[in-house]
Amino acid sequence: WRRCSMNTRAVYRPSIVQTCSLEGHAYQIDPYVGCEHRCAYCYALNHAETDWAREILIDRDIVAQLGRELAGLEPQSFYVGWNTDPYQPLEQTQRQTRRVLELLASQGHSVCILTKSRLVVRDADLLVRMPGSSAGVSLAFQDEQVRRLFEANAPSNEQRVDALKTLKQAGIRTYALICPVMPFITDVKRLAGRVASCADTIWVYALSMEAQDDRNWRGVQATLDRHLPQMTERYRQIAFAADHPYWSDLRRELEGFQAESGLDLRIKL
């Protein structure tokens, strides 16, 4: 995982706190606008306001503005990591996420964090002070060479699993997100086995695309065309059809695996 020079630009956002559609979370917070990882399949690319390869946006004074937005809100859990990785490389120096967590902790809130980075363990001291908080990592590829084709700028699986182990040892609730399941590539059972000892819950989500002119589909298609051209057309059929037999067959297989393994496997296919 190589740290590259990245430009930042301070901006004012009308609202840092956004509504959240995930069960158990009314609100989400993205400490950055943009993500240096730029994974080919990322849905957030479709709404990118800038070229994430060149510039990431930060808030002019995230603590002051967030403090105003939190005023009057009852203690609750905020989801952190919906449209950006809160622990992308910039966080090492910008510390936007750290500031957000400090403020939330001071007001009695908790968080559910999603990242691909081991940097999250730096903030274990804050997470243990926030009752009910959890942190998780996403995984989609068991093979590192294949992983780098789709998410070359993201940390390795080894670093992500190591982060889960460290967080769990610290007494923090952990989870793994096997997402997106890439047809004929992602071995869900193998990945689940890899995190079974350090993830309290394992969620499984399918690769899902909205439109063929979206940036994330173009990114996946370009990667397939270049490295796995025999798969491109099958992907086109599967990724745009939630009722495709591929998903129903995999769901049945994983339900059997869940019963046999006893893992807390949440299958969302």
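One can find the structure itself at the top, above this paragraph.
Residues numbered from 1 in each chain as written. Predicted model: local features only at pLDDT ≥ 70, side-chain atom pairs only at ≥ 80, totals over all residues. Heavy atoms only, no water.

Q: What should I look at first to understand the sheet that holds strand 6 (residues 110-115) in this one?
A: Within a sheet, adjacent strands bond to each other through the backbone by hydrogen bonds, running parallel or antiparallel. With mixed pairing, 8 strands are arranged side by side in an open sheet as 2-3-5-6-7-8-9-10. Each edge of the open sheet carries a strand with a single partner, namely strand 2 (17-19) and strand 10 (265-268). Strand-to-strand twist across the sheet, computed as the mean angle between neighbouring axes with direction ignored, equals 25°. Bridge count between strand 7 (residues 134-139) and strand 8 (residues 173-181): 6 bridges; the pairing is parallel. Within the sheet, the bridge partner assigned to S138 lies in strand 8 and is L177. Helix 3 (residues 96-106) contacts strand 3 (27-29), strand 5 (77-80) and strand 6 of the sheet and is inclined by roughly 160° relative to strand 6. (Pairing = 2+ DSSP bridges. Helix = DSSP H or I, 4+ residues; strand = E, 2+ residues; numbered from the N terminus. Axes fitted to C-alpha atoms, helices over the stretch in contact; angles between N-to-C directions. Contact = heavy atoms within 4.5 Å.)

Q: Looking at this structure, how should I read the packing of aromatic side chains?
A: How two aromatic rings sit relative to each other is given by the distance of their centres and the angle of their planes. As enumerated under the stated definition, the model contains 8 aromatic pairs in all. Centre to centre, the rings of Y41 and F141 are 6.4 Å apart; their planes meet at 40°, and the pair counts as tilted. Of this pair, Y41 sits in the loop between strand 3 and strand 4 (55-59) while F141 sits in the loop between strand 7 and helix 5 (144-150), and the two are 100 residues apart along the sequence. Seen from their ring centres, Y246 and W247 are 5.1 Å apart, and the 85° between their planes marks the pair as edge-to-face. Take Y246: its relative accessible area is 17%, and that puts it in the buried class. (Phe/Tyr/Trp six-rings, centres within 6.5 Å; stacked < 30°, edge-to-face > 60°. Buried < 20%, exposed > 50% of the residue type's maximum accessible area, 1.4 Å probe, protein only.)

Q: Quick question: what am I supposed to make of the nonpolar core here?
A: For soluble globular proteins, the rule of thumb is that nonpolar side chains tend to be buried together. Core analysis: the largest hydrophobic core is formed by 53 residues, its most contacted members being V195, Y235, W247 and L269. Broken down by element, this core gets its largest block of residues, 5 residues, from helix 10 (residues 245-261). Not counting chain neighbours up to four residues away, the residues in contact with Y235 comprise M182, P183, F184, I185, L207, W217, V220 and L224. Counting 27 residues, the second largest nonpolar core, distinct from the first, contains V17, L70, L119 and A135. (Core = buried A, V, L, I, M, F, W, Y, C linked by side-chain atoms within 4.5 Å.)

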